[in-house]
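# Notes for the structure review
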Amino acid sequence: MDNVIRRRTPAARLGRLTLYAVLILAALFYLLPLAVMLITSVKPLSEISAGTLLALPQAPTLEPWAKAWGEACTGMRCEGVGGYFFNSIAIVVPAVLISTVIGALNGYALTKWRFKGSELVFALMLFGCFIPFQVVLLPMAQTLGWLGLSSSRAGLILVHVVFGIAFTTLFFRNFYVAVPTELVSAAKLDGAGFFRIFWRILLPVSAPIIVVSVIWQFTQIWNDFLFGVAFSAHDTQPVTVALNNLVNTSTGVREYNVDMAAAMIAALPTLVVYVLAGKYFVRGLTAGSVKG
Amino acid sequence: MHALKHPPLLRRTLLGLAVATALGAAQAQAGEVEVLHWWTSGGEARAANVLKELMEGEGHDWQDFAVAGGGGETAMTVLKSRAMSGNPPSAAQIKGPEIQEWGELGLLGDLDDVAEAEGWNELLPEIVADVMKHDGQYVAVPVNVHRVNWLWANPEVLDAAGVALPTTLDELFAAGEAIREAGYVPLAHGGQPWQDATVFETVLLATAGADFYRRALVELDPEALGGEEMIEALATFKRMRELMDDGMSGRDWNIATSMVIGGDAAMQIMGDWAKGEFTAAGLTAGEDYLCAPAPGTAEAFTFNIDSLAMFRVTEEAEREAQQTLARLVLEPTFQEAFNLAKGSIPARPDIDMSEFDQCAQRSLEDFQHTAETGGLVPSMAHGMAVRADVQGAIFDIVTNFFNASDMTPEDAAKRMTSAAQVAM
Amino acid sequence: MSTVSSSTRTSRVAVGRPARARLQAWLPRLVLSPSIAISLFFVYGFMLWTFILSLTNSRMLPSYDFVGFAQYGRLMVNERWWVASTNLVVFGALFVGICLVVGALLAILLDQRIRQEGALRTLYLYPMALSFIVTGVVWKWLLNPSLGIQAMVRSWGFESFTFDWLINPDMAVYTLVIAAVWQASGFVMALFLAGLRGIDDSIIKAAQLDGASLPRIYLRVVIPCLRPVVFSAVMILAHIAIKSFDLVVALTGGGPGYASDLPATFMYAHAFTRAQIGLGSASAMLMLGGVLAILIPYLYSELRSRKHG
């Protein structure tokens, strides 16, 4: 797309200026909520009630962050959201890994080892992406009870894996469809087996889609609230549930700065992931599901 | 409060010794209670902590399971999910007719042993005891009695506007104008369905009286629900909007209370849990803030009782712990400490009220007085009058009517009649 | 071999080399079977379970007193349900439409050799990383007339500025659109941008040589090339719209009144807080019907495109 807009003529320069103006305005719109959160989280309480939303802090302080992490109270516990942060990690990491591995194998089997009905199987599994989660809440509760996993981290991991593999399978399947079949066929002729072909041929080219799957699952599971609140006990709650408890806990004067700091803490991992790897996420996603 | 600190501590050390010496026996006794509740605000949590310490003093383990948000709605979801998985907590904050529903499902364990030993039948007012029983057996223990129809006011704002604390609705509307002119919000409110319903039931009580209230919102008499009195109450309720401000949408009740505390608003109609907020702000009743029965409802008392229901458990130690919990809840130490912090009055009327402020003392007097005169009614807005589905249907109509510009009171009353039937 | 269709290939191999090959032929199915079982049980089983519940008069916990389709009848005369359904149509159409327009526009603008493109892209994209549990409090602030944008603009001296959609029953559903567009449009932008980068430059060059203007080129040449992107984006957005739950809870709580209720919140409120599991299940089944209406064309095209791929 070279020379789309020629430089240096006054009209082009004006056009260029408008272009940047529009883009920057859009950026401000997207940035607004985060900016308010960040600014509020480092303001002392007195400044929040005195000034407007976007007034910069006169005396910035990290105290709200410290309080949100380790001291803020919900109910009788005054331990902040820090501990729950690690609960989330303990749930997210295994759930993401397991669902990604299963998704990769499924996608591989569905594209490179087609059998009669494999398309039906795919269609069947795809539906899992679209099921509204409220629908499965009660049946899931009963099932977790049968499995003896209710209110445990393992139970939550199971739930997230179960409803995550639909997405990961979709990603990997759409990605592997575009990988040339010739290499696989040749390897089959050489007598290479199922896992060997996966390991040697598919896996080495899978980096982009693994990134997609991991990022997607990571954000989905980290941000989950519904399952987290319904299937956890007092000591297995993920950070989103703790955040909700904290924000909805009212103690005389509402400490908006602590609320915002807690929200930032809960948001940080997914934010970091998007900022650092967002590029690869989009690139990989377009290589997969957007393929025409 | 003084009585509170030492004995439990002493008891705990003694029990510690007992545990240390007779390890085997003591361990068989020590059970664990997991308590699901939404006492998450500062005052409530401190108060509930007293119960936890008492439990630990008796050698039992307290697992705190607080779920905040939405007036317990989130907590109820969790409770249902836990019950479905066959793993309910041993005790949960359940109240009103919902206790009956859980009881019908056969999930609650009975507390008759404790009730008999402690003489709950003599201790508790009959109207309170009835709520706690399913099928004639005690399945829950009352924690407190809230009065819902209170008016809270900031005297400085009233003075600035040159008005007195209104005692009738007419006075309220008149005062509202003066307050508005003086530059304040007359009535602080949060636009959430349960808050809308709280104001509605209070207005209904004022315009139509306790007997009509009972017919309409407790017995769901279709004639009352669609009647003239109802239409009038709805119209008056809608007028209350004039007294409120633009920012009310979705506002939490305690934020509304803080508007009164901070002097932005003059008054708020809210249950006596609002007092916890005033107390937390270091204010004194009668001096820094005023409390009075909501305008026009001096002769009535809408009650809202918090209670802990006990789920059926199999383990003997856990059962033991439950029984202990139930006993401790009604002991004066906890009743006093909890209700001082929460703003409510003790569930048993024999507690010494000298530590309590004038609002609570008045509340207890009115409670006993209205129990005799028939002005004592359960709060619909707080799930004491009807089951959750009917309550929800009424909420829908009330809040929609309150917010919609094009619904007439006649319309709303008609819908109320059909909703009450459909929901049943 | 590569010309032989898959099913005959496997069978031929299976005949040729017995044990190991047979295992190899069954291995893909074996690998898939846990996932299939999981789908069957956790997705289809639960759907069936919900359907069965929708035929009962379950209240606080599931019970099995069947009442036929009575719950659906009650739903049909329930005004709140219709408000929720209408809201979903309005919200869904606006959300999908605006996201597509904003996303495409931003992508085209970003595609003009912009400095700091990476930084801008990240700024547009990051909302997708956050849940409304996290950003809900801020959004409530921003949209609240006496705390947020309205108050801020008024404090700058524009006394008559009014932005009170959050408390206006007729407009509240549009505040949901604003927040939802904020969250997802950057993601759509990213999809479009990647699509644009994939377009062969020579097509555009040829059009330029023909003397076509820049807007014309985009409208006539580039956007038609992006049809698959549009399609995927619509699917993703529609499914976000139907599932929207946190958004409503965090922003409006369904209010004022129930003016901004959506089916997902309706279902949740009835099944979990109002002890009407039967009615809630019926509404969930209707939601599923809506999902199917979107999904069937998607699946159809997915499967068809595979045949060409």
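Residues numbered from 1 in each chain as written. Chains lettered and ligands numbered in written order. Predicted model: local features only at pLDDT ≥ 70, side-chain atom pairs only at ≥ 80, totals over all residues.

### Some points on the overall build of chain A
Counting its regular elements, chain A contains 13 helices and zero strands. Overall, chain A shows an N-to-C arrangement of helices and strands of α-α-α-α-α-α-α-α-α-α-α-α-α. In terms of C-alpha radius of gyration, chain A reaches 24 Å, well past the compact-globule figure of 19 Å for 292 residues. Each of the three principal axes of chain A carries a C-alpha extent, and together these read 75 × 70 × 30 Å. Per-residue burial over chain A gives 52% buried out of 292 residues. (Helix = DSSP H or I, 4+ residues; strand = E, 2+ residues; numbered from the N terminus. Rg over C-alpha atoms; globule rule 2.2 N^0.38 Å. Buried ≥ 20, exposed ≤ 12 C-beta atoms within 10 Å, placed from the backbone.)

### Here's the deal with the domain arrangement of chain A
Residue and element names in this part refer to chain A. We note that the domain assignment places domain 1 (10-61) and domain 2 (82-288) within chain A. On a C-alpha basis, the centroid separation for the pair domain 1 and domain 2 is 33 Å. Taken together, the seven residues of domain 1 in the interface contact eight residues of domain 2. Breaking the side of domain 1 that touches domain 2 down by element, the ones donating at least two residues are α1 (10-41) and α2 (45-50). Top contributing element to the side of domain 1 that touches domain 2 by residue count: α1, with four residues. (Domains from an automatic or database assignment. Contact = placed C-beta atoms within 7 Å.)

### Notes on the pairing of strand β10 (residues 265-269) of chain B
Residues and elements named next belong to chain B. Counting buried residues in β10 gives five out of five residues, a clear majority hidden from the surface. As paired strands, strand β8 (residues 150-153) and β10 are joined by three bridges and run antiparallel to one another. Bridge assignment links Leu151 to a residue of β10, and that residue is Ile269. Across three bridges, strand β9 (residues 185-188) lies against β10 in parallel orientation. Bridge pairing in β10 places Val185 opposite Ala265. (Pairing = 2+ DSSP bridges.)

### Observations concerning the sheet that holds strand β12 (residues 301-304) of chain B
All names here are of chain B. Overall, mixed pairing links the four strands, which are arranged β14-β7-β12-β15 in an open sheet. The open sheet is flanked by β14 (345-346) and β15 (376-378), the only strands paired with a single partner. Sheet topology places strand β7 (residues 144-147) next to β12; two bridges connect them, and they run antiparallel. Each bridged residue has a counterpart across the sheet, and for Arg147 the counterpart in β12 is Phe303. Set on the sheet, helix α11 (residues 193-218) makes contact with β12 and β15; between it and β15 the angle comes to about 75 degrees. (Axes fitted to C-alpha atoms, helices over the stretch in contact; angles between N-to-C directions.)

### Re the UniProt feature "transmembrane region" (unreviewed entry) in chain A
Residue and element names in this part refer to chain A. Within this structure's numbering, the places UniProt gives as "transmembrane region" (unreviewed entry) are residues 17-39, 84-108, 120-142, 154-176, 197-218 and 260-282. A distance of 29 Å separates the end C-alpha atoms of residues 17-39, which is 100% helix and 0% strand. Between the C-alpha atoms that bound residues 197-218 there is a distance of 28 Å. The span itself is 82% helix and 0% strand. (UniProt positions renumbered as here; feature names shortened; annotations may be inferred.)

### Digging into the domain arrangement of chain B
Residues and elements named next belong to chain B. The assigned domain composition of chain B is domain 1 (2-143 + 306-354) and domain 2 (150-303 + 359-423). Relative placement of domain 1 and domain 2: their C-alpha centres are 30 Å apart. Across the contact, 19 residues belong to domain 1 and 21 residues belong to domain 2. Mapped onto the side of domain 1 that touches domain 2, the elements with two or more residues apiece are α3 (42-57), α5 (97-104) and α17 (332-342). By residue class, the composition of the side of domain 1 that touches domain 2 is seven nonpolar, seven polar and five charged. (Nonpolar A, V, L, I, M, F, W, Y, C, P; charged D, E, K, R; others polar.)

### Quick notes on helix α10 (residues 207-223) of chain A
Between its first and last C-alpha atoms α10 of chain A spans 24 Å; for 17 residues at 1.5 Å apiece the expected length is 24 Å, and the two agree. Of all 17 residues in α10 of chain A, 13 are buried; the element is thus mostly enclosed. (Expected span 1.5 Å × (residues − 1).)

### So, the interface of chain B and chain C
Counting residues at the interface gives 27 residues for chain B and 26 residues for chain C. Ranked by residue count, the leading element in the side of chain B that touches chain C is helix α19 (residues 388-403) of chain B, at eight residues. Residues of the side of chain B that touches chain C, tallied by class, amount to nine nonpolar, 10 polar and eight charged.

### A closer look at the interface of chain A and chain C
Accessible area lost when the parts come together is the quantity often used to give the size of an interface. In this complex, chain A contributes 75 residues to the contact, which on the side of chain C involves 79 residues. Looking at the side of chain A that touches chain C, the element that brings in the most residues is helix α13 (residues 256-288) of chain A, giving 14 residues. Across the side of chain A that touches chain C, the residue classes break down as 52 nonpolar, 16 polar and seven charged.

### A word on unusual backbone geometry
All names here are of chain B. Even without being glycine, Asp135 reaches a positive phi, approximately 60 degrees. As for its placement among the helices and strands, Asp135 is situated in the loop between β4 (133-134) and β5 (137-138). The exposure class assigned to Asp135 is exposed, which follows from the 10 C-beta atoms found within 10 Å.

### Overview of the nonpolar core
Judged by nonpolar contacts, the single largest core of 330 residues is most densely connected at Val81, Leu243 and Ala262 of chain A together with Ala309 of chain B. Take this core: its biggest share by element is 16 residues, from helix α8 (residues 172-197) of chain C. Apart from residues lying up to four places away in sequence, Val81 of chain A is in contact with Ala68, Trp69, Val239, Ala242, Leu243, Leu246, Ala262, Ile265 and Ala266 of chain A. (Core = buried A, V, L, I, M, F, W, Y, C linked by C-beta atoms within 7 Å.)

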